[in-house]
Amino acid sequence: MSQPGDRPEINALLTEARVFEPTNDWKTHARVTDPGVYEHAAEDPEGFWEDRARELEWMRPWTQVLDWQPPHAKWFVGGQLNASANCLDRHVRTARRNTAALIWEGEPGDRRTLTYFDLYRQVCQFANVLKGLGIRKGDRVAIYLPLIPELAIAMLACARIGAVHSVVFGGFSAEALRDRINDSQCALLITADGGFRRGQLVPLKQTSDEALQGAPSVRNVIVVKRQAGEPFPVHIKEGRDHWYHRLMQDAALDCAPEPMDSEDMLYILYTSGTTGKPKGIVHTTGGYLVGTYATTRWVFDLQDTDVYWCTADIGWVTGHSYVVYGPLQNGATVVMYEGAPDWPNKDRFWDIVERYGVTVFYTAPTAIRAFMKWGAEWPAGRDLSSLRLLGSVGEPINPEAWMWYHEHIGGARCPVVDTWWQTETGHILIAPLPGITPLKPGSATKPFPGITAEIRTGAGVPVEHGGGLLALTKPWPGMLRGIYGDPERFVKTYFSRWDDGVYFTGDGARRDAQGDYWLLGRVDDVLNVAGHRIGTMEVESALVDHPSVAEAAVVGRAHDIKGQSIAAFVTVKEGIKAGAGLMDELKEHVVRKIGAIARPDQILFAADLPKTRSGKIMRRLLRDIAEGKALGDTTTLADPNVVRRLKDEYEADES
Ligand code: WTA
């Protein structure tokens, strides 16, 4: 494991920190205005979460708030509720029935608005469709769709009948989709003919067909027709494949929500870890709903008049928690946009903000850095005066990007809430509350009320002020309940670094004199490329799967926009010629095995990979090489002596 990297710009800021206090308007009108909430919640975290849980609709009350048998937590034990009922039924009984739940825009410019009642009806109908195809409580359903309303409909319909959804991001390859389907033995796949990305049609049905060769658990496939004309022929396999719109025509309008135990599984979402195999993160119902509901309400200060837009794809956890479950439980009006931020022009996002009057906007630092590069004239050309709050998620936000976001998107009037959390945590854990928390550019500030974090040394010694490993010392409602089918890996990954039942995040962080947290990035072998989590071992496995490759080592390299980019060191087998042709072939091979998000930016051929005597690859050295620190801009390590010399120097350094 590497040491938490330092961020020099943070050190500079810590000595001369710029603080943005909440304005008077925020201090008086925000949803949370009492600074005492932190203290009250700290005194009685269970009571705090219980108060939040009371705002939801339960079919049966809980008898115990928390049952904590480290590392296993149960929240709201004995309670029963349904996620789709909390997102929909609760609202259709009020005036909210006729307000917009989803305002959707496709990349080509097509638009649809669904009121809460529309969404409720369609979810009920689709729930009946699923039942009609034999899906029952506990069955796993894979969803591989573009960012269209049917994606939210499919998730909520699963939740309505107690089926477990497993959403796979539409950018993943056939193999990645197949592995995920097989790992959790999904009985049904929901996909579309295609989706749009940067003017191109992404042929999701074709990819699904490929994935399904070798995924025998899938008995039925439902296909949403996204595209009027069809550049890619859609093959409908009789008996297995069904058009979504045909099934919906005949579906009954009403479907009672299934009472789910608080600890019944809501969904599985795969994410990358430090081995070659992605982990199926398991979330259950009660705690997850309470956590996403409360954090959406408090961190984004959601009010009835808001138009809320989180730009994340629903294929990632941010989309699960902050496009679907969090905002819909709050009865929010949610904007969804299918495509790329620079299609057809670099102001597509600002065009959307202007047109729909978006008030709360939540995106990733990688996007903000891309906007910075494209230039302030793009947002300046649009009316962004509707915005009142900005959010950031997915990777550390550098203070420069924070300031640019604040000034050029937020008109210097919108608080910027930097929100730290993970697929595993389910919801935001470290973030400001905009009415009470002073903001510092580059800091996620304080743990949410009811959350306790700590900075620890590798040996587990708490660090009051300074840097170390970020740990979560008490359970929280939305925490993962396990890794699907792999209970040992769950304990080993998150709860074995220290022996006191404390959760290890995999992140480095620093706490300043005011107790504010500054996230420093991953300390394990997980990369964060343009806000997407990618395991180094996953990419290495994809590379060694190629017949020409003997060995591969993958490291992250600092990148201006993406945060990190992927650099791969490859040794080829005897007699294979390493050159530009093979380099391209290997990049494509990784895309085929995982998806375009994992395409290495750089492949360096080496005659040898530097290893320690025990055979461990010396990643720190490789990182230095990839970043040009050790070797200048050398792109090949064909000379074995170079590596050997470096290796010797490194080992001499270490000893
Ligand atoms: C990183 C995304 C710094 C972190 C919600 C974490 C962040 C990983 C932040 C989880 C932030 C997320 N500041 N780093 N505000 N938010 N991260 O599972 O390294 O896709 O461990 O969840 O992203 O990524 P995941």
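Residues numbered from 1 in each chain as written. Predicted model: local features only at pLDDT ≥ 70, side-chain atom pairs only at ≥ 80, totals over all residues. Heavy atoms only, no water.

S.K.: Help me out: how do you make sense of the pattern of salt bridges in this one?
M.R.: Per the stated rule, a full pass over the model turns up 46 salt bridges. For Arg619, the salt bridge is made with Asp525, and the minimal N-O distance between the two is 3.7 Å. Of this pair, Arg619 sits in helix α20 (residues 619-626) while Asp525 is found in the loop between β26 (517-522) and β27 (526-529), placing the two residues 94 residues apart along the sequence. Through salt bridges that share partners, Glu105, Arg111, Asp347, Arg348, Asp351, Glu354, Arg355 and Arg382 make up one connected network. (Salt bridge = Lys/Arg side-chain N within 4 Å of Asp/Glu carboxyl O. Helix = DSSP H or I, 4+ residues; strand = E, 2+ residues; numbered from the N terminus.)

S.K.: Explain the sheet that holds strand β8 (residues 188-192) to me, please; I cannot follow it from the model alone.
M.R.: Read across the sheet, 8 strands follow the order β12-β11-β8-β6-β7-β14-β15-β24 without closing on themselves; strand pairing throughout is mixed. For this open sheet the edge positions go to β12 (241-243) and β24 (482-483), each flanked by a neighbour on one side alone. Sheet analysis places strand β6 (residues 140-144) next to β8, joined by 4 bridges and oriented parallel. Directly across from Tyr144, in β8, lies its bridge partner Thr191. (Pairing = 2+ DSSP bridges.)

S.K.: For this particular structure, what's the right way to read the nonpolar core?
M.R.: For soluble globular proteins, the rule of thumb is that nonpolar side chains tend to be buried together. If you look at the biggest cluster of nonpolar residues, it comprises 162 residues, and the most contacted ones within it are Leu119, Phe126, Leu130, Ile190, Phe300, Tyr325 and Leu543. Taken together, domain 1 (126-253) and domain 2 (530-654) each give at least three residues to this core, which thus spans both. With sequence-adjacent residues up to four places away left out, Leu119 is seen in contact with Leu88, Ala101, Leu102, Leu114, Ile153, Leu156 and Leu328. Core analysis: the second largest hydrophobic core is formed by 33 residues, Phe20, Ile397, Met403 and Leu439 among them. (Core = buried A, V, L, I, M, F, W, Y, C linked by side-chain atoms within 4.5 Å. Buried < 20%, exposed > 50% of the residue type's maximum accessible area, 1.4 Å probe, protein only. Domains from an automatic or database assignment. Contact = heavy atoms within 4.5 Å.)

S.K.: For this particular structure, what's the right way to read the sheet that holds strand β30 (residues 563-572)?
M.R.: Read from one edge to the other, the open sheet built from 3 strands follows the order β29-β30-β31, with strand pairing classed as mixed. Two strands close off the open sheet at either side, each with one partner strand: β29 (549-559) and β31 (602-605). Each adjacent strand pair in this sheet contributes to an overall mean axis angle of 25°, direction not counted. For β29 and β30, the ladder comprises 10 bridges, and the chain directions are antiparallel. Looking across to β30, one finds that Arg557 is bridged to Ser565. Seen against the sheet, helix α19 (residues 580-593) touches β29, β30 and β31 and runs at an angle of roughly 130° to β31. (Axes fitted to C-alpha atoms, helices over the stretch in contact; angles between N-to-C directions.)

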